[in-house]
Amino acid sequence: MSVGETGSRSSWFQRFLLPGLALKAVIIGGGYATGRELAEYFVPSGPWGGLSAMLMATLIWSVVAAVTFALARKMSAYDYRAFFQGLLGPGWVAFELAYLIFVILILAVFGAAAGAIGAATFGWPELAGSILLATTIVAFTAFGTDTVETLFKYASMLIYAVYALFLIFALTSFGGLIAEGFADAPPPSGNWVAGGLTYASYNIVGAVIILPVLRHLTSQRDAVLAGIIAGPLTMIPAILFFVAMMAFYPAIGAETLPSDFLLRQMAVPGFHILFQLMIFAALLESGVGAIHAINERVSGVVEARGRPPLGTSARAAIGGVILVGCMFVAARIGLIDLIASGYRFLAWLFLIVFVAPLLTIGVWRLLRPAPVRMETVP
């Protein structure tokens, strides 16, 4: 089925909401879902500074996603290799190398988070949670884009619902402390800008990872609107989480799993397990998004050489090899160090090889008028 044929029968959900849900799926990952990333990049700025940084990151995501989606549609580039060949020419290899570093790092974070969740919730050995997550990621990525989109849709429903309940239980359990945290906090200081920019920069690569779901877009207007909507859809759960965290500011910034700490304070029977299952779903869809992008990149090359697209076995094999190599890096480094050091490096890397070229060369190509074709007279 061609991109054009798919787009002509696309629903409103597929055109405007699916790209944002897919972006949220890639970004939410291990550190966002557990609260560790929020503790690292937003809590140090305080309640108001942290919210300011989150709103800035949301705006950056919306702008970059809108430009990325529009340019991808204009170039008919629905995997990251094709996109960067069109944007950077021979320089596309620079992004390939940056993306490989990104995948190694985030899958290590996901492995560490899954292991920590299994140990904290069920008393499992940390390796057990990592193995379960890796196996499930391979199972979903093996069946291609339609299965991945279905996961993004239903996992997103679970995630938004659980985060809404999380805020409700936080307000009923320690809402007074949340109000005090915001009332006693000073105005934002200058350091919130760095936190928001760093968080936005290393995560916005998700706009390229999710290019396969853009096949449903029917116009450039669709692309721009889907990009603008994507920013808020991605950040809403994080804002709900951050507000709850402010009940225990600043001490919560030192927690390895802020989510687990807050759940213990709520003490709502059964909700602790439901929340940890939601985090597992978040880790799953993020890992699936990262591996699926590689599968689509490889499949695109295979098809360009006149061969059939990747089948189920090939997709599963690629995912399995990558996950075995990446996820167990976490056992040696740990979740906090991975997020604190590795992500800042990625932020600078993606600013250089993605955001800067996109907002210069990419915008110029979008605004450049299409060449006029002269018809020859027979």
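Relevant structure appears above.
This structure is a prediction, so every number in the text was calculated from the model and none was measured. (Residues numbered from 1 in each chain as written. Predicted model: local features only at pLDDT ≥ 70, side-chain atom pairs only at ≥ 80, totals over all residues. Heavy atoms only, no water.)

Draft legend 1. Quick look at the overall build of the protein chain. Secondary structure assignment for the protein chain yields 16 helices and 0 strands. Across its three principal axes, the protein chain shows a C-alpha extent of roughly 80 × 45 × 35 Å. Here the protein chain holds 378 residues, and 56% of them are scored as buried. Counted over contacts in the protein chain with a minimum sequence separation of 6, partners at least 24 positions apart contribute 85%. Accessible surface for the protein chain amounts to roughly 15,400 Å². Of this, 69% is attributable to carbon and sulfur atoms. (Helix = DSSP H or I, 4+ residues; strand = E, 2+ residues; numbered from the N terminus. Buried < 20%, exposed > 50% of the residue type's maximum accessible area, 1.4 Å probe, protein only. Contact = heavy atoms within 4.5 Å. Areas by Shrake-Rupley, 256 points an atom, 1.4 Å probe, with all protein chains shown as cover.)

Draft legend 2. Structural context of the packing of aromatic side chains. As enumerated under the stated definition, the model contains 27 aromatic pairs in all. Aromatic pair Phe42 and Tyr199: ring centres 5.0 Å apart, planes at 75°, arrangement edge-to-face. Of the two residues, Phe42 is situated in the loop between α3 (36–41) and α4 (46–75) and Tyr199 in helix α9 (residues 191–203); the sequence distance between them amounts to 157 residues. For Phe42, a relative accessible area of 0% puts it in the buried group. On the numbers, 6.1 Å between centres and 45° between planes, the contact of Phe95 with Phe350 is tilted. Note that Phe95 is positioned in helix α6 (residues 92–122) and Phe350 in helix α16 (residues 335–367), a separation of 255 residues in sequence. Of the two residues examined, Phe95 and Phe350, each falls in the buried class. (Phe/Tyr/Trp six-rings, centres within 6.5 Å; stacked < 30°, edge-to-face > 60°.)

Draft legend 3. Up close: helix α11 (residues 220–245). Between the first and last C-alpha of α11 there are 39 Å, a value that for 26 residues agrees with the 38 Å anticipated at 1.5 Å per step. The largest bend in α11 amounts to roughly 35° and is located at Ile236, with the proline Pro237 lying one to four residues further along. (Expected span 1.5 Å × (residues − 1). Bend = angle between axes of the 7 residues up to and from the residue.)

Draft legend 4. Region of the structure containing the pattern of salt bridges. Per the stated rule, a full pass over the model turns up 8 salt bridges. Of the charged contacts in the structure, one is a salt bridge between Asp222 and Arg15, with a shortest N-O distance of 2.8 Å. Within this pair, whereas Asp222 is found in helix α11, its partner Arg15 is found in helix α2 (residues 12–34), the two being separated by 207 residues in sequence. Exposure remark for Arg15: the relative accessible area of 19% places this residue in the buried category. The partner of Asp260 in a salt bridge is Arg264, with the nearest N and O atoms 2.7 Å apart. In this pair, Asp260 and Arg264 are both assigned in helix α12 (residues 258–266), 4 residues apart and thus about one turn of the helix distant. Exposure remark for Asp260: the relative accessible area of 10% places this residue in the buried category. (Salt bridge = Lys/Arg side-chain N within 4 Å of Asp/Glu carboxyl O.)

Draft legend 5. Structural detail: helix α14 (residues 312–326). With 15 residues, α14 extends 21 Å between its outermost C-alpha atoms, agreeing within 8% with the 21 Å of an ideal straight helix rising 1.5 Å per residue. Taken together, the buried positions of α14 are occupied by Arg315, Gly319, Ile322, Leu323 and Cys326. For α14, the buried positions fall inside an angular range of 95° around the axis, keeping them on one side. α14 presents Ser313, Val321, Val324 and Gly325 as exposed residues on the side facing more than 90 degrees away from its buried surface. (Arc of directions from axis to C-beta.)

Draft legend 6. Expanded view of the packing of helix α8 (residues 145–183) against α11. The geometry of α8 relative to α11 is characterised by a closest axis approach of 7 Å and an angle of 40° between their N-to-C directions. In terms of axis orientation, α8 runs oblique to α11. Between α8 and α11, the residues in contact are Tyr160, Tyr163, Ala164, Phe166, Leu167, Ala170, Phe174, Ile178 and Phe182 and Leu233, Pro237, Leu240, Phe241, Val243 and Ala244, respectively. By residue class, the composition of the contact of α8 with α11 is 15 nonpolar, no polar and no charged. (Axes fitted to C-alpha atoms, helices over the stretch in contact; angles between N-to-C directions. Parallel < 35°, antiparallel > 145°, perpendicular 65-115°, else oblique. Nonpolar A, V, L, I, M, F, W, Y, C, P; charged D, E, K, R; others polar.)

Draft legend 7. Up close: the nonpolar core. If you look at the biggest cluster of nonpolar residues, it comprises 118 residues, and the most contacted ones within it are Phe83, Tyr99, Tyr199, Leu262 and Phe275. Ranked by the residues each element gives to this core, the list is headed by α6, at 14 residues. Setting aside chain neighbours within four positions, we find Tyr99 in contact with Tyr80, Val205, Ile209, Ala290, Ala293, Ile294 and Phe350. (Core = buried A, V, L, I, M, F, W, Y, C linked by side-chain atoms within 4.5 Å.)

Draft legend 8. Expanded view of the side chain of Ser62. Looking at the secondary structure, you find Ser62 in helix α4. A distance of 3.5 Å separates a polar side-chain atom of Ser62 from the backbone nitrogen of Gly231. Those residues in contact with Ser62 that sit more than four places away from it in its chain are Gly227, Ile228, Gly231 and Pro232. (Polar contact = N/O pair within 3.5 Å; in protein donor to acceptor, adjacent residues only side chain to side chain.)

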